[in-house]
Amino acid sequence: MLNEKLIAVVGPTASGKTARGVSLARMLDGEIISGDSRQIYRGMDIGTGKDLIEYGDIPYHLIDIVPAGYRYNLFEYVRDARKAIEDIRSRGRRPIVVGGTGMYVETLLKGLNLPEVPENAELRNELSSKSLDELTEILASKKALHNTTDVDTVKRAVRAIEIATYYEAHPDQAPTPESAKALDALIICVDIPREARRERISRRLRQRVKDGMIDEVKGLLDSGLTPESLIYYGLEYKFVTEYLMGKYTFEEMMNLLEIAIHQFAKRQETWFRGMERRGFTLHRLPYDLPENTFNKKVLELLEATR
């Protein structure tokens, strides 16, 4: 089992990735490694859709590992995911990465060696007055922008520029394809049509509000987290925080948040199509396949790609 192929289950938000991953883990004696950039935070449960009850007795990794307010990054994810893979395999089980954060999953699968890039206080101060458009232009001058994930907020854009600037000053530490050792992985993309995805997103958002998402955000603020620290995480935490600050009415918040989640899902789809252009093979399986059929097809793919 030490050399068994890793499985990655990816797809846009609301496509049903978690349930598919758990089902595969149960069938293949596997354990789940989260590929979601926000589920790592403790206390951010409803807004990130952890749905921990879905896991049942299946062990999972990289969920609830750092406190809300912490700025977890790509370097830490790759480091921690590799440790989890080694741990799972050392116990004779199969690692299954499940999540929709394409940058995390792709970087892990590429096997890139990332340096730990320190904060650059002088650069951050220099960029502090720049708009998001200006930051995007600066970043584009330093690296090819495959998508807009790096620049969906000012703080993310500043961090991306900080990393690119570090690589310019330390070219010997910049990750290169030549230094990478790609993981042997079968990538399953849960394929969901746009209209079905939109309907599921809208229904799920309403359910999360009923389940207490607004109270969750209020509790995080009451615990001492600043509004800025929650806004950094985007989507639910951004818009609900701004609603609680009085920036929007409830109806305005719901409308803007729903639009933002739809846009986010579209960016996820763009990332996964980009992975295919960058040489990855994504085996697309319909989101509404019966569980047994879905699992059977994965088994067939595992056999065919040995």
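This text follows the structure it describes.
Residues numbered from 1 in each chain as written. Predicted model: local features only at pLDDT ≥ 70, side-chain atom pairs only at ≥ 80, totals over all residues. Heavy atoms only, no water.

## A word on the nonpolar core
Of all hydrophobic cores here, the largest spans 55 residues; its most connected members are Ile33, Tyr77, Val97, Ile187, Met253, Leu257 and Leu282. Among the secondary structure elements, those contributing two or more residues to this core are strand E1 (6–10), helix H2 (74–90), helix H3 (102–110), strand E7 (185–191), helix H7 (194–210), helix H8 (213–222), helix H10 (235–244) and helix H11 (250–277). If one sorts the elements of this core by residue count, H11 sits on top with nine residues. Discounting residues that sit within four places of it in the chain, Val97 has contacts with Leu6, Ile7, Ala8, Val9, Ile33, Gly35, Tyr77, Val105 and Leu108. Counting residues in hydrophobic clusters, the runner-up holds 21 residues, among them Leu24, Leu28, Val98 and Val190. (Core = buried A, V, L, I, M, F, W, Y, C linked by side-chain atoms within 4.5 Å. Buried < 20%, exposed > 50% of the residue type's maximum accessible area, 1.4 Å probe, protein only. Helix = DSSP H or I, 4+ residues; strand = E, 2+ residues; numbered from the N terminus. Contact = heavy atoms within 4.5 Å.)

## A look at the sheet that holds E7
Strand order in the open sheet formed by six strands is E4-E2-E6-E1-E7-E8, and the pairing between neighbours is parallel. This sheet does not close on itself; its edge strands, each paired only once, are strand E4 (60–61) and strand E8 (282–286). Sheet topology note: the strand E2 (residues 30–34)/E4 ladder contains two bridges and is parallel. Note on E4: the bridge partner recorded for Ile32 is Tyr60. Packed onto the sheet, H11 meets E1, E7 and E8 and runs at close to 135° relative to E8. (Pairing = 2+ DSSP bridges. Axes fitted to C-alpha atoms, helices over the stretch in contact; angles between N-to-C directions.)

## Focus on the environment of Ala157
Take Ala157: it is sitting in helix H6 (residues 154–169). Using a relative accessible area of 0% as the deciding quantity, one classes Ala157 as buried. Along the chain, Ala157 and Val105 lie 52 residues apart, while their C-alpha atoms are 20 Å from each other.

## What to know about the pairing of E2
The buried count for E2 comes to five of five residues, which makes it a mostly enclosed element. Of the two faces of E2, the one carrying Gly30, Ile32 and Ser34 and the one carrying Glu31 and Ile33 are both buried. Across five bridges, E2 lies against strand E6 (residues 94–98) in parallel orientation. Across the sheet, the residue bridging to Ile33 is Val97, located in E6.

## A word on the packing of aromatic side chains
The relation between two aromatic rings is expressed through the spacing of the ring centres and the mutual angle of the planes. Tallied over the full model, the rule gives seven aromatic pairs. Between Tyr55 and Tyr60 the ring centres are 4.9 Å apart and the planes differ by 45°, which places this aromatic pair in the tilted class. Judged by relative accessible area, Tyr55 falls into the buried class, the value being 3%. Both rings, one in Tyr232 and one in Tyr233, keep their centres 5.5 Å apart while their planes meet at 75°; by these two values the pair is edge-to-face. Neither residue differs from the other here; Tyr232 and Tyr233 are each classed as buried. Through a chain of ring-to-ring contacts, the aromatic side chains of Tyr41, Tyr232 and Tyr233 assemble into a single cluster. One Lys or Arg, Arg278, reaches over the ring of Trp271 and ends 5.4 Å from the middle of that ring. (Phe/Tyr/Trp six-rings, centres within 6.5 Å; stacked < 30°, edge-to-face > 60°. Lys NZ or Arg CZ within 6 Å of the ring centre and 35° of its normal.)

So far we have only geometry, and geometry alone does not tell us how the molecule works.
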